[in-house]
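# Descriptive analysis of the structure
Here is what each chain is made of, one letter per residue.
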Amino acid sequence: MFTCKTLEVRLDLFDGGAAAPAPAGPSEGGSQALPGPTRRGKTGGEPAPKVVYGKQAAPEGEERGPDAGDQKQTEGEAAKEAKPAEETPEERKARFKALVEGEFKDLYTEETQRIIDARFRDVKTLQEQMNAHKPILDLLAQRYHVDDGDPAKLAKAIEADDAYWTAAAEEAGMSVEQYKDFARMQRENESLKEAQRRQQREEASRRQLDTWMADAEKVREAYPEFDLNAEVKDPQFLKLLRSGIPMQKAYEVLHMDLITGQMVQKTAQETEKKVVDGIRAKGARPVEGGVPQGGVLMKTDVSKLTRKDRAEIARRVARGERIEF
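First, a word on what this report is: a plain description of the structure on this page. Throughout, residues of each chain are indexed from 1 in the direction in which the sequence is written. For a predicted model such as this one, the threshold for reporting local features is a pLDDT of at least 70, and the threshold for listing and counting side-chain atom pairs is 80 or more; totals across whole chains, interfaces and linings nevertheless cover every residue. Only hydrogens and water are set aside; all other atoms, that is, all heavy atoms of the structure, feed into the side-chain values.

What follows concerns the overall build of the chain. Check the secondary structure of the chain and you find eleven helices and two strands. Secondary structure is summarised from DSSP: a helix means a run of H or I of at least four residues, a strand means a run of E of at least two, and numbering begins at the N terminus for each. Walking the chain from its N terminus toward its C terminus, one meets helices and strands in the order β-α-α-α-α-α-α-α-α-α-α-β-α. Burial classes follow relative accessibility: with a 1.4 Å probe on protein chains only, a residue under 20% of its type's maximum area counts as buried, one over 50% as exposed, and anything between as partly exposed. The burial tally for the chain puts 14% of its 325 residues in the buried class. Here, residues are in contact when the closest pair of their heavy atoms is within 4.5 Å. By sequence separation, contacts in the chain at least 24 residues apart represent 39% of the contacts at least 6 residues apart.

Turning next to the nonpolar core. Note on terminology: a nonpolar core comprises buried Ala, Val, Leu, Ile, Met, Phe, Trp, Tyr and Cys residues joined through side-chain atoms within 4.5 Å. Ranked by internal contacts, the top residues of the largest apolar core, which has 13 residues, are F226, L228, F237 and M247. Elements represented by at least two residues in this core include exactly α6 (176–222), α8 (235–242) and α9 (247–254). Aside from chain neighbours lying at most four places away, what touches M247 is W212, D215, A216, V219, F226, L228, F237 and L241.

Here we take up the packing of helix α5 (residues 162–172) against α6. Only C-alpha atoms enter the line fits that serve as axes; for helices the fit covers just the stretch in contact. Angles between N-to-C directions range over 0 to 180 degrees. One can describe the packing of α5 onto α6 by two numbers: an axis separation of 8 Å at closest approach and a directional angle of 90°. With respect to their mutual orientation, α5 and α6 come out roughly perpendicular. Counted together, D162, W165, T166, A168, A169 and A172 of α5 and V176, E177, Y179, K180, A183 and R187 of α6 form the full contact between these two elements. Under the scheme applied here, ten amino acids are nonpolar (Ala, Val, Leu, Ile, Met, Phe, Trp, Tyr, Cys and Pro), four are charged (Asp, Glu, Lys and Arg), and all others, including Gly, are polar. When grouped by side-chain class, the residues that make up the contact of α5 with α6 number seven nonpolar, one polar and four charged. Any angle from 65 to 115 degrees is called roughly perpendicular, while one under 35 is roughly parallel, one over 145 is roughly antiparallel, and all others are oblique.

What makes a salt bridge here is a side-chain nitrogen of Lys or Arg within 4 Å of a carboxyl oxygen of Asp or Glu, nothing more. What the rule picks out here adds up to 17 salt bridges. Among the ionic pairs, K153 bridges to D148, the shortest N-O distance being 3.1 Å. Overall, K153 belongs to the partly exposed group, its relative accessible area being 46%. Here E252 ties to K249 by a salt bridge, and the two come within 3.9 Å at their closest N and O atoms. Note that E252 and K249 are positioned in helix α9 at a spacing of three residues, about one turn of the helix. Since its relative accessible area comes to 16%, E252 is described here as buried.

With that settled, the discussion passes to α5. Looking at where α5 begins, the residue whose side-chain oxygen comes 3.2 Å from the main-chain nitrogen of A163 is D161. Following α5 by one or two positions, G173 has its phi on the positive side, about 70°. Within 3.5 Å is the distance limit for a polar contact, defined as a pair of N or O atoms, with the added protein rule that one can donate a hydrogen and the other accept it, and that residues adjacent in sequence qualify only through two side-chain atoms.

On to the environment of R184, then. Residue position: R184 is located in helix α6. A relative accessible area of 30% places R184 in the partly exposed class. Between the C-alpha atoms of R184 and E159, which are 25 residues apart in sequence, the distance is 9.4 Å.

Secondary-structure assignment places A216 in helix α6. Since its relative accessible area comes to 1%, A216 is described here as buried. Taking the C-alpha atoms as reference points, A216 and F226, separated by ten residues in sequence, lie 7.8 Å from one another. Residue contacts for A216: discarding those within four places in its chain leaves F226, L228 and M247.

In this section: a nonpolar patch on the surface. Put simply, a patch holds well-exposed residues, over 30% relative accessible area, that have no salt bridge, with like charges counted together within 9 Å and Val, Leu, Ile, Met, Phe, Trp or Tyr side chains within 5 Å. Methods summary: accessible areas were calculated by the Shrake-Rupley approach with a probe of 1.4 Å, and residue burial reflects only the protein chains presented. A cluster of nonpolar side chains, namely L99, F104 and L107, defines an oily patch on the protein surface of about 240 Å² accessible area. Structurally, L99 can be placed in helix α2 (residues 89–100). By relative accessible area, which is 31% here, L99 ends up partly exposed.

A separate point is the packing of α9 against helix α10 (residues 256–281). Two elements in contact, α9 and α10, have axes separated by 5 Å at closest approach and are oriented at 90°. The pairing of α9 with α10 is recorded here as roughly perpendicular in orientation. Contacts between α9 and α10 involve Y251, E252, V253 and L254 from the first element and M256, L258 and I259 from the second. For the contact of α9 with α10, the class distribution of residues is six nonpolar, no polar and one charged.

Here you go:
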């Protein structure tokens, strides 16, 4: 004769929850269900990922789309739409005119006046030099009958005047012609030396400019907004460079307030990003009892659900869990 015994088994043991003893059966001493296999598997390896079905609530400040790929695509499209269209030359001119006649009118007027004053100073210096030389040129023009005061004609007349060279030639122990040739060679030699000095100055300027351009590239790596053409208009910046101060240090000295503000803003952005990344990273199930949980496997596409998934969803809904697709 066969005896049938019933065995009660709690299915929630397979959810990874704590095992609870089953009540005794009708047999003598009762019968207790054995703990089912845990999420760690038989080998005790890495925990299996937790399966989450349906749409999940997004962290505060973050909108979760139906799919992460769709979200990235949406963000990319939004960035493209947010990018301002390039202005036409006419639009730039109109915007510039509005600025110099409106908000920045006083600064524009001040800068324009400064440029005009600088040009007038240069012209005034040249005019004063010409006025100082004019009496001498007038005397020579009168002496050699050069009525129009042409400098080339005046130089030719002086060169042909033997009386002009006689005293100097006698003092040098030369004939007038020899002394003329000697004086001509001196002038040509001095002109050559001046040309060499001018060439050396130009080469030194080019080398300095090449050095500054190379330094400017390095400064832009640290400060992308750096503009050498704009900075060299500042006399203080040029003074620091010519005194041997490195370009980056000179820029930092003159723009410390701006740089400090950018550093504060950058730090705030990096901190905000870390916080957001931390929130996203903690979207998985939290640690319970110090036991690490597996990763999270999101299943939001109904068409890809297996029979096992549908059975699991039915079981969770029966237990009161709310699942939406």
